[in-house]
Amino acid sequence: MTNLPPNPYHLVVQASGFAPTSEDVTVRNSVPIEIHPKLQLGTAATTVNVEATGADLLENDPTPHEDVDRNVFSKLPTFDPGTGLSQAITFSTGGVAADANGFFHPLGDHAQVSFMIDNQPISDQQSKVFSTQLPTSAIQSMQLITGAPPAEFGDKTSLVDQITTRSGLGAGKQFGSVETYYGTFGSTGGDVSYGFGNEHFGNFLALDGTRSGRFFDTPEFQPFHDIGNNQTIFDRFDFQPNGVDVFHLNIFLARNWSQIPNSYDQLTQDQRQRVLTWNIAPGYQHTFGGHALLTVNPYVRKDQFNYYPSTNPFDDTPSTQSQSRQLFNYGLRADLAINRGRHNIKIGTDLKQTRLIESFNFAITDPTFNAVCNDANGNPVTDPTITDPNACDRLGYVTNPNLQPGLIPFDLSRGGTLFQYRSTHNINQYAFYAQDSISLGNLQLNVGLRGDTYYGLTSASAAEPRAGLAYNIKRTNTVLRLAYTRTFETPFNENLLLSSASGLTNGQALGVLGANQTPPISPGGRNQYNVGFQQSIGRYIRIDANYFWKYTRNAYDFSVLQNTTITFPIAWYKSSLDGLTARVSTTDIHGFMAYWTVGHTRARYFPPQTGGLLNTSVVPAGVFRIDHDQALQSTVVTRYQRPHNTEYVSFIWRYDSGLVVSGVPDVSAALALTAAQQVDIGLACNGVRATLSAPFDPTTPCDYGASTLLRLPQTGTENDDHNPNRVKPRNLFDLGVGTDNLMHVEGPRRITASVQIENLTNKLALYNFLSTFSGTHFLQPRTVVARIGFVF
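For the structure given in this document, a descriptive report is provided here.

### Considering the overall build of the protein
Right, so step 1: Across its full length, the protein holds six helices and 43 strands.
Right, so step 2: Taking 28 Å as the expected radius of gyration for a compact globule of 792 residues, we find that the protein reaches 28 Å, a close match to that expectation.
Right, so step 3: The C-alpha extent of the protein, read off along each of the three principal axes, is 105 × 55 × 45 Å.
Right, so step 4: Going through the 792 residues of the protein one by one, you find that 56% of them count as buried.
Right, so step 5: Counting contacts in the protein only where the partners sit at least 6 residues apart, residues at least 24 apart contribute 68% of the total.
Right, so step 6: Distance between charge centroids for the protein: 5 Å, based on 55 positive and 66 negative side chains.

If you want it as structure tokens, here you go:
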């Protein structure tokens with residue numbers, strides 16, 4: 001049996017005329033395991049029912065993780081074009097807080113995620129805002145590591161997603177599927193998969209495409225100017241000439257194109273973006289004597305991102321911008337796994353280079369955005385001839401206290417020109433690691449050491465000891481866990497060059513870029529502690545809970561540029577994160593299965609800030625809760641499927657208590673919003689709702705302010721740490737009804753069909769609002785998608 005993810009398995013062997021036999025087998029890595037079952041002659045027909053006991057539900061592993069099979073995530077009633085992988089992760093673990101456009105925050109961090117796709121490491125951003133994702137049609141299973149990552153994992157480790165793709169090796173027949181769908185917002189698309197193979201070779205191909213009138217999450221509840229499409233091609237080829245050598249090759253091609261959604265304040269904009277991705281990853285494995293396995297995985301990957309402005313730059317407000325950037329990444333990951341007695345040893349290296357190319361143009365188009373002077377009432381003066389702050393007094397005005405003088409040369413409304421930036425740089429990273437998983441009866445001990453070296457805009461290196469233990473109390477079917485992890489944190493590569501060029505504009509130190517005159521964004525370090533347990537209840541239910549503490553020097557995030565999808569990495573001096581993740585799950589109970597995930601995070605960040613671009617917002621003076629902070633997220637997933645893989649019903653209940661809102665701290669700040677923004681959040685003052693024709697202004701007396709979508713602190717009561725503004729809590733419900741065999745025919749050829757409804761109650765809610773880190777995004781309105789397919 002090939003392509004098995006690491007897990008404990010219960011193996012049952014049966015043959016006609018023989019009594020069945022069974023045994024437990026633990027797969028910890030890719031080293032082949034030989035099983036020699038001995039069957040005794042049987043005197044009567046025997047029926048074998050494979051059922052888990054309480055002990056079978058437990059994993060004696062110090063690393064908290066979730067195992068997710070395609071039979072689960074393929075039937076989730078969710079639809080988000082281009083981000084199926086993010087959806088599968090969000091609905092499978094309580095360790096992440098959902099955000100817009102496929103973003104999610106693992107354990108209080110922003111997108112600190114590494115993907116390990118058939119042993120190829122990918123740590124660059126995979127949201128559709130930045131890149132493209134592997135389609136779920138190409139995935140066989142995932143293991144989501146949410147704490148205490150072993151030494152083989154580095155770079156970004158708040159969540160590690162080990163993905164095993166689908167393969168044709170050993171299939172012995174042709175198999176595949178064709179599916180098409182149509183839904184709300186003119187969403188249409190489909191996918192085709194085809195695989196074949198025998199014991200020596202195999203191939204699997206997956207083609208996916210989608211088009212939607214709501215491609216991105218939007219700054220308004222109803223989308224407009226948001227048409228987008230996504231296409232992907234994935235192919236995996238395997239060749240096994242003998243029992244000791246295996247070759248494989250993964251090829252991935254993908255493209256996103258989309259309009260940038262507009263708000264009511266920016267109806268004239270026609271901005272668009274395009275992302276192109278290609279990835280080639282060969283691999284080789286050689287077995288030595290059944291006790292050691294050499295794995296070698298070279299790879300090369302390229303992301304090309306283009307952002308296009310409106311044809312008329314003054315149609316873009318308050319600024320016009322364009323960008324072309326490239327991440328070209330190539331490297332080699334190799335390791336030797338050795339099984340000897342109680343020891344499972346792995347020694348390896350991870351070497352890679354990322355070539356960055358950034359080209360960026362920017363200019364202000366709104367004369368009120370960076371007005372040179374204000375009138376006596378504090379209103380911006382829009383006279384395009386005023387470009388010198390010293391002229392304000394002479395003309396009877398006052399100098400704008402928030403003026404950024406360095407931006408005046410790049411203000412088109414005052415006769416300025418485009419700011420133009422282009423730079424290239426290489427990021428070289430070298431890592432070496434050794435780890436051992438030691439079995440000592442009921443005790444499982446993991447120890448490891450990793451060394452990382454980083455050469456980029458700055459240089460740094462670190463040694464990272466890691467240790468964890470798990471103890472199985474068999475009498476009570478309980479596993480206790482404890483772990484410590486030291487990790488080396490690396491900056492985001494997307495827009496790293498410009499974001500680190502603080503204060504530079506065309507070679508002149510004019511103080512335009514970056515929040516402060518600071519050195520480039522540098523690597524950081526983290527100490528992480530995990531404690532948790534697993535508990536089985538009978539043979540049907542398992543509880544898995546984990547508490548974490550993370551203390552980070554140089555804590556990373558992104559800063560969004562105006563109302564675009566262009567973001568720039570930033571770093572805070574340090575962060576202190578802690579929280580809980582838990583999952584309660586059932587086995588298959590006569591066709592019924594369910595699980596409940598829950599998570600809680602306190603994400604406290606400390607200034608000063610490094611990096612960013614055009615940071616006009618006020619940097620907090622002290623500790624604050626960042627917009628990754630959410631008190632509670634909870635997901636209940638249930639499914640019932642009739643026997644013989646026919647009709648099924650899936651249901652999801654998702655609760656989010658609300659992320660922190662950084663851009664509008666309290667009621668007084670809300671009074672300064674535009675009329676459309678006040679209406680968007682349902683702002684009311686002294687019981688009177690704001691309207692487009694009668695909005696509030698900063699001088700409006702407001703003894704009590706409220707919002708239907710935000711938990712606005714009253715003026716003077718906001719506290720960045722203990723009482724920040726937040727999005728209001730929400731409950732969302734998703735429903736799916738389908739069949740795996742519409743015509744109830746025998747044999748492998750069958751017709752599938754399903755209808756899924758996301759946001760069943762059409763809940764009006766926000767992910768975030770005017771966040772300096774991610775902008776404004778509404779949740780998807782009620783979306784209905786109907787699918788029909790053919791499987792063979």
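The structure having been displayed, the exposition proceeds.
### Some remarks on the state of the cysteines
Right, so step 1: Overall, the coordinates contain two disulfides when judged by the stated rule.
Right, so step 2: The residue that forms a disulfide with C373 is C392, at a sulfur-sulfur distance of 1.9 Å. Torsion about the S-S bond of the C373 and C392 cystine: about -85 degrees, corresponding to left-handed handedness. Placement of the pair is C373 in strand 21 (residues 373-374) and C392 in helix 3 (residues 391-394), with a sequence separation of 19 residues.
Right, so step 3: Given the relative accessible area of 1%, C373 is considered buried.
Right, so step 4: Sequence-ordered numbering of the bonded cysteines in the protein yields a pairing of 1-2, 3-4.

### Digging into the pairing of strand 14 (residues 201-212)
Right, so step 1: By the bridge criterion, 10 bridges tie strand 13 (residues 187-197) to strand 14 in an arrangement that is antiparallel. Bridge pairing in strand 14 places T188 opposite R211.
Right, so step 2: Linkage of strand 13 to strand 14, two consecutive antiparallel strands, is achieved through a turn of three residues.
Right, so step 3: Bridge analysis of strand 14 against strand 15 (residues 228-239) gives 12 bridges, and the strand direction is antiparallel. Bridging from a neighbouring strand, L205 pairs with D235 of strand 15.

### Focus: unusual backbone geometry
Right, so step 1: Residue T317 is joined to P318 through a cis peptide bond whose omega torsion reads -5 degrees.
Right, so step 2: That bond from P607 to P608 is cis: its omega, 10 degrees, falls within 30 degrees of zero.
Right, so step 3: Note on placement: P608 falls in strand 32 (residues 592-611).
Right, so step 4: Not every positive phi belongs to a glycine, and F185 is a case in point at roughly 65 degrees.
Right, so step 5: For F185, the position within the fold is in the loop between strand 12 (175-183) and strand 13.

### Examining the pairing of strand 30 (residues 541-560)
Right, so step 1: By the criterion of burial, strand 30 is predominantly enclosed, with 14 of the 20 residues buried.
Right, so step 2: Pairing of strand 29 (residues 524-537) with strand 30 involves 13 bridges; the strand directions are antiparallel. Within strand 30, the position partnered with Q528 by the bridge is K550.
Right, so step 3: The sheet contact formed by strand 30 and strand 31 (residues 567-586) spans 19 bridges and is antiparallel. Bridge pairing links R542 to S585 in strand 31.
Right, so step 4: Two successive antiparallel strands, strand 30 and strand 31, enclose a turn made up of six residues, where Q562 displays a positive phi of approximately 50 degrees.

### Here we look at the pattern of salt bridges
Right, so step 1: Following the criterion strictly, the structure yields 29 salt bridges and no others.
Right, so step 2: The network of salt bridges with shared partners includes R604, R625, D629, D721 and R726.

### Notes on the sheet that holds strand 5 (residues 65-69)
Each strand in a sheet pairs with another by means of backbone hydrogen bonds, the pair being arranged parallel or else antiparallel.
Right, so step 1: Reading across the sheet, the five strands line up as 5-10-11-8-9 and stay open at both edges, with mixed pairing between neighbours. Whereas interior strands pair on both sides, the edge strands pair on one side only; in this sheet they are strand 5 and strand 9 (120-122). On average, each strand axis in the sheet is inclined to that of its neighbour by 20 degrees, with strand direction left out of account.
Right, so step 2: Pairing of strand 5 with strand 10 (residues 139-145) involves five bridges; the strand directions are antiparallel. Counted as the bridge partner of V68 is M142 from strand 10.

### Remarks on the nonpolar core
Right, so step 1: With 35 residues, the main nonpolar core has F360, F362, F419, Y421, L498, L561 and F568 as its most contacted residues.
Right, so step 2: Breaking this core down by element, the ones donating at least two residues are strand 18 (292-308), strand 20 (343-364), strand 23 (419-440), helix 4 (496-500), strand 30 and strand 31.
Right, so step 3: For this core, the element with the highest residue contribution is strand 20, accounting for four residues.
Right, so step 4: Counting 30 residues, the second-largest nonpolar core is a separate cluster that includes V96, F115, L134 and A254.

### Considering empty space enclosed by the protein
Which parts of space are left empty comes out when a probe the size of a water molecule is rolled across the atoms.
Right, so step 1: Counted according to the given criterion, the structure contains 11 cavities of 30 Å³ or more.
Right, so step 2: Reported here for the largest cavity is a volume of approximately 330 Å³.
Right, so step 3: Lining the largest cavity are 23 residues, and of these Q87, F91, L732, E758 and Y767 lie nearest its centre.
Right, so step 4: Among the secondary structure elements, those contributing two or more residues to the lining of the largest cavity are helix 2 (84-90), strand 35 (647-656) and strand 39 (730-739).
Right, so step 5: A class-by-class count of the residues in the lining of the largest cavity yields seven nonpolar, seven polar and nine charged.

### Digging into the sheet that holds strand 38 (residues 705-706)
Right, so step 1: Spatially, three strands are ordered 37-36-38 in an open sheet, and the strand pairing comes out antiparallel. On the outer flanks of this sheet lie strand 37 (688-689) and strand 38, each paired with one strand and no other.
Right, so step 2: Looking at chain direction, strand 36 (residues 684-685) and strand 37 are connected through two bridges and run antiparallel. Bridge assignment links C685 to a residue of strand 37, and that residue is V688.

### Structural notes on the environment of R689
Right, so step 1: Topologically, R689 is positioned in strand 37.
Right, so step 2: Given the relative accessible area of 47%, R689 is considered partly exposed.
Right, so step 3: Contact partners of R689, with chain neighbours within four places excluded, come to G682, L683, A684, F696 and T708.

### Examining the environment of V636
Right, so step 1: Along the chain, V636 turns up in strand 34 (residues 633-641).
Right, so step 2: The spatial distance from the C-alpha of V636 to the C-alpha of V679 is 32 Å, given a sequence separation of 43 residues.
Right, so step 3: Aside from chain neighbours lying at most four places away, what touches V636 is Y595, W596, F651, I652 and W653.

### Notes on the packing of aromatic side chains
Right, so step 1: Evaluated as defined, the whole model comprises 29 aromatic pairs.
Right, so step 2: Measuring from centroid to centroid gives 5.5 Å for Y194 and F196, while their planes differ by 40 degrees, and the two rings are tilted.
Right, so step 3: Note on Y194: relative accessible area 30%, which makes it partly exposed.
Right, so step 4: With a relative accessible area of 29%, F196 lands in the partly exposed category.
Right, so step 5: The structure contains a cluster of three or more aromatic residues connected by ring pairs, namely F103, F130, F492, Y556 and F558.
Right, so step 6: Across from the ring centre of Y648, 5.3 Å away, lies the NZ or CZ of K75, which sits over that ring.

Rules of the game
Residues numbered from 1 in each chain as written. Predicted model: local features only at pLDDT ≥ 70, side-chain atom pairs only at ≥ 80, totals over all residues. Heavy atoms only, no water. Helix = DSSP H or I, 4+ residues; strand = E, 2+ residues; numbered from the N terminus. Rg over C-alpha atoms; globule rule 2.2 N^0.38 Å. Buried < 20%, exposed > 50% of the residue type's maximum accessible area, 1.4 Å probe, protein only. Contact = heavy atoms within 4.5 Å. Lys, Arg positive; Asp, Glu negative; His and termini not counted. Charge placed at Lys NZ, Arg CZ, Asp CG, Glu CD. Disulfide = S-S within 2.5 Å. Pairing = 2+ DSSP bridges. Salt bridge = Lys/Arg side-chain N within 4 Å of Asp/Glu carboxyl O. Axes fitted to C-alpha atoms, helices over the stretch in contact; angles between N-to-C directions. Core = buried A, V, L, I, M, F, W, Y, C linked by side-chain atoms within 4.5 Å. 1 Å grid on protein atoms, 1.4 Å probe; cavity = no way out; pocket = protein on both sides within 12 Å on 5 of 7 lines; lining within 4 Å. Points joined across faces, edges and corners; volume = space filled by probe spheres on them. Nonpolar A, V, L, I, M, F, W, Y, C, P; charged D, E, K, R; others polar. Phe/Tyr/Trp six-rings, centres within 6.5 Å; stacked < 30°, edge-to-face > 60°. Lys NZ or Arg CZ within 6 Å of the ring centre and 35° of its normal.

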